[in-house]
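Working through the structure, step by step
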Amino acid sequence: MKKLLQSAIISVTALGFNSAALADAQAGMATGYPPYQFLYQGELTGFDVAVANAIYDKLGERLTLNQYDWDNVVSLLRYGELDIAIGMEKTNVRQQYFSFSTPYYERQTALFILESNKAIENVRQLVGKRISGDRHSVLEAHLRELGLRDAIRVEQADSKKDAMAQLAVGEVEAVIMPRRVANYLAAQYGIQLKVLWQPNEATPVAMAVTKGNDQLLQKLNQVITLLEQDGTLERLRKQWDITPIR
């Protein structure tokens, strides 16, 4: 496993919860995933980071945020070297390996190609091409439905920023990522995108924990409920322009 690439320790004041179980919890976050999880001017930031901070502020416990490429976040959580993955999309496949908190927002994921690419008009025309996307994504499920899972090469970049850079220079034909992330990164690279495919439904996002860690899951759910009730989550959603669960 990789050593920690970037970490920040968040100290908070106890607010009535028993702090023994979650003291110094280790949480994983992605690199280059704005506006949800990213590094800006040396600070770990984003909507998911803000929610994690709010949760642990309410718990009165210490949290260490560790930044990796997303594949490593998933692997480290699965094998118990992380306690939490912040802001993980809740999919059927992932529920086989992880337990999820109450979702607190949703993302609309899509498959993007360059606006200038006139040769590709549908997903089937990506056969033999390279796509950058996460494992167990909604795209993989769609490719299976089409019978194309083994005909289209889906690779994972170290970050969504790297994936967009690959698309910009033609190293991949398409990328799959949330629309907010894609629009943010495309503007940075000065490119225009078009949506080739997207699912009908948005994907709920939650805090993920190692399967069987029911004590941690229960505490996270209790605090998420409190933050919803006191308006903290709504304030953070407005601050980051995030779509709530409908």
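This structure is a prediction, so every number in the text was calculated from the model and none was measured. (Residues numbered from 1 in each chain as written. Predicted model: local features only at pLDDT ≥ 70, side-chain atom pairs only at ≥ 80, totals over all residues. Heavy atoms only, no water.)

1. Observations concerning empty space enclosed by the protein
Here the structure, examined in full by the defined rule, presents three cavities of 30 Å³ or more. In this structure, the largest cavity spans a volume of roughly 270 Å³. Around the largest cavity, the lining is made up of 27 residues, and of these Tyr33, Trp70, Asp134, Lys160 and Ile176 lie nearest the centre. Listing elements by their share of the lining of the largest cavity, those giving two or more residues are β6 (84-89), α4 (160-168) and β12 (174-178). Sort the elements by how many residues they give to the lining of the largest cavity and β12 lands first, with three residues. When its residues are assigned to classes, the lining of the largest cavity shows nine nonpolar, 10 polar and eight charged. (1 Å grid on protein atoms, 1.4 Å probe; cavity = no way out; pocket = protein on both sides within 12 Å on 5 of 7 lines; lining within 4 Å. Points joined across faces, edges and corners; volume = space filled by probe spheres on them. Helix = DSSP H or I, 4+ residues; strand = E, 2+ residues; numbered from the N terminus. Nonpolar A, V, L, I, M, F, W, Y, C, P; charged D, E, K, R; others polar.)

2. Some remarks on the sheet that holds strand β9 (residues 109-114)
With mixed pairing, five strands are arranged side by side in an open sheet as β11-β10-β12-β9-β13. In this open sheet, the two strands that pair with only one neighbour each are β11 (153-155) and β13 (193-197). Neighbour to neighbour, the strand axes of the sheet diverge by 35° on average, direction disregarded. Judged from the four bridges that link them, β9 and β12 form a sheet pairing that is antiparallel. Its bridge partner lying in β12, Leu111 is registered against Ile176. α4 contacts β9, β10 (130-132), β12 and β13 of the sheet and is inclined by roughly 150° relative to β12. Helix α5 (residues 179-189) contacts β9, β12 and β13 of the sheet and is inclined by roughly 120° relative to β12. (Pairing = 2+ DSSP bridges. Axes fitted to C-alpha atoms, helices over the stretch in contact; angles between N-to-C directions. Contact = heavy atoms within 4.5 Å.)

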